[in-house]
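Chain residues, written in single-letter form:
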Amino acid sequence: MNRKTLPFTSRLTKGQAIAALVYLPVHMLLLPLLATLLLLRGLLDESQANLLCYALGVFYMLIFLGRFFRRDFDALCDHPWACAGELLVCYGLMWCCNFVVNGAMLLLGMGDNPNNEAVFAMAGAKFGPIAAMTVFMAPIVEEALFRAGLFGVLRRRSRTLGYVVSMAAFSLYHVWSYAVMDLRNLVYLLQYIPVSYLLCRCYERTNSIWGSIFLHMLVNGISMSLLYAMM
């Protein structure tokens, strides 16, 4: 399957694009800061604060991008087997890339990814809600913002720019709060580059945001399953 057989026609309307891009800094910056404030004041614990952020995100996306999700699901149903194949290819490529990147991180003497450690710690205390957030809520919100929003909008002007900005923003989103405390944590950006590239690729080649959503769900779902098996 390639872009010639599946022309990339998935796109947000102007109003939907504005809604997604307006919410992007809210999700990346304002909500995490609000969650930290609530956490410090003892009003919510870390799990509740994160669940609140993603619940608000899902609610927002369903209101403002609901028609886009519905339209792109029809596109996915037009070529389900091709999409399933692309999903498996991207997942396999992700494992290969992660093997190389994680090996490089070990050579650099870097420890565990602080974002992953935070998720695993929350899951250890409240596995069910955190698994639901990680596997179902996060992919819907993040794919709407970083793929349909950033990548989809910028791709109209430059495909390369769409990839670069979407990958950079997605990677930075997962580490910036830890880099604020220690700039050395910026190195963990490297661990998100392969999956951010492959999520863009999957969205583009399946011609449906549900392609990247399902890939994101698959990646997070298997990670949470492995974590549950080790608990």
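The structure presented is a predicted model; accordingly, all values stated were derived computationally and were not measured. (Residues numbered from 1 in each chain as written. Predicted model: local features only at pLDDT ≥ 70, side-chain atom pairs only at ≥ 80, totals over all residues. Heavy atoms only, no water.)

Student: Where do I start with the packing of aromatic side chains in this structure?
Tutor: For any pair of aromatic rings, the description rests on two quantities: the centre-to-centre distance and the angle between the ring planes. For the structure on display, the rule yields 15 aromatic pairs. Taking 5.1 Å as the distance between ring centres and 80 degrees as the angle between the ring planes, the aromatic pair formed by Phe8 and Tyr203 counts as edge-to-face. Of this pair, Phe8 sits in the segment before helix H1 (14-40) while Tyr203 is found in helix H7 (residues 193-206), placing the two residues 195 residues apart along the sequence. Assessed through its relative accessible area of 0%, Tyr203 is described here as buried. Here the aromatic rings of Tyr163 and Tyr197 are separated by 5.4 Å at their centres, their planes lie at 35 degrees, and the arrangement is tilted. Placement of the pair is Tyr163 in helix H6 (residues 159-181) and Tyr197 in helix H7, with a sequence separation of 34 residues. Look at Tyr197 and you get partly exposed, because its relative accessible area is 35%. (Phe/Tyr/Trp six-rings, centres within 6.5 Å; stacked < 30°, edge-to-face > 60°. Helix = DSSP H or I, 4+ residues; strand = E, 2+ residues; numbered from the N terminus. Buried < 20%, exposed > 50% of the residue type's maximum accessible area, 1.4 Å probe, protein only.)

Student: Can you help me understand the nonpolar core in this one?
Tutor: Side chains of a nonpolar character, in soluble globular proteins, are inclined to be buried together. By size, the foremost hydrophobic cluster in this structure holds 62 residues, and its most contacted members are Leu65, Phe69 and Phe146. The element best represented in this core is helix H5 (residues 127-155), accounting for 15 residues. Not counting residues within four places of it along the chain, the set of residues in contact with Leu65 comprises Leu12, Gln16, Ala19, Ala20, Tyr60 and Ala144. Of all hydrophobic cores here, the second largest spans six residues; its members include Val101, Val175, Val187 and Tyr192. (Core = buried A, V, L, I, M, F, W, Y, C linked by side-chain atoms within 4.5 Å. Contact = heavy atoms within 4.5 Å.)

Student: Would you take a moment to explain the side chain of Asn185 for this structure?
Tutor: For Asn185, the location among the structural elements is in the loop between H6 and H7. By relative accessible area, Asn185 is classed as buried at 16%. Leave out the neighbours within four places in its chain, and Asn185 touches Pro114, Val175, Tyr178 and Ala179.

Student: Hey, could you run me through the pattern of salt bridges in this one?
Tutor: Working definition: two side chains of opposite charge can pair if their charged atoms are close together. Considering all chains together, one arrives at seven salt bridges under this definition. Between Asp45 and Lys126 there is a salt bridge whose closest N-O contact spans 2.8 Å. Of this pair, Asp45 sits in the loop between H1 and helix H2 (46-78) while Lys126 is found in the loop between helix H4 (114-125) and H5, placing the two residues 81 residues apart along the sequence. The exposure class assigned to Lys126 is partly exposed, which follows from its relative accessible area of 29%. Here Asp182 ties to Arg184 by a salt bridge, and the two come within 2.9 Å at their closest N and O atoms. Sharing partners across several salt bridges, the network here consists of Arg155, Arg159 and Glu204. (Salt bridge = Lys/Arg side-chain N within 4 Å of Asp/Glu carboxyl O.)

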